[in-house]
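Observations on chain architecture
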Amino acid sequence: MDIKRLKQYIFTNEKVEYILLQIGCKNIVKHDNYYSCSNHDGDNNKAICQYFDTEYLNCINQLGTQASLLTLTVPHQSID
């Protein structure tokens, strides 16, 4: 599965909240067209804003950096 299809799967099957939980995000709140949450090691409830109204899975972190939801998972991948 390529990245585009993975994003489509996540978007279509409404898996954004599941992924945020799996990477340890806290204080997850679903708003009208986005999620807000804190990082796994932080207490800023709006440190991450994940916009789920598009299949691009755009998110913005507390520093204003724009990326994809999949970018958030990179630090949590295990390396064998």
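Shown above is the structure to which this text applies.
The paragraphs below set out a description of the structure included in this document. Quick caveat: nothing in here was measured; it's all calculated off a predicted structure. (Residues numbered from 1 in each chain as written. Predicted model: local features only at pLDDT ≥ 70, side-chain atom pairs only at ≥ 80, totals over all residues. Heavy atoms only, no water.)

**Considering unusual backbone geometry**
Leave glycine aside and you will find that most residues have negative phi; peptide bonds, for their part, are mostly trans. Phi is positive for N27, which is not a glycine, with a value near 55 degrees. Its location among the elements puts N27 in strand β1 (residues 26–30). Given the relative accessible area of 41%, N27 is considered partly exposed. The phi dihedral of L57 falls on the positive side, at around 55 degrees, and the residue is not glycine. Summarising the element assignment, L57 is placed in the loop between β3 (48–51) and β4 (58–61). (Helix = DSSP H or I, 4+ residues; strand = E, 2+ residues; numbered from the N terminus. Buried < 20%, exposed > 50% of the residue type's maximum accessible area, 1.4 Å probe, protein only.)

**Comments concerning the environment of L72**
Among the structural elements, L72 can be located in helix α3 (residues 69–73). Judged by its relative accessible area of 18%, L72 falls in the buried class. Sequence separation between L72 and N39 is 33 residues, and the spatial gap between their C-alpha atoms is 9.5 Å.

**Considerations on the nonpolar core**
Residues I10, V16, L20, C25, L69 and L72 are the most contacted members of the largest nonpolar core, which totals 16 residues. For this core, the secondary-structure elements that each account for two or more residues are α2 (16–22), β2 (34–38) and α3. When neighbours within four sequence positions are excluded, C25 is seen to be in contact with L20, C37, S38, N39, H40 and I48. (Core = buried A, V, L, I, M, F, W, Y, C linked by side-chain atoms within 4.5 Å. Contact = heavy atoms within 4.5 Å.)

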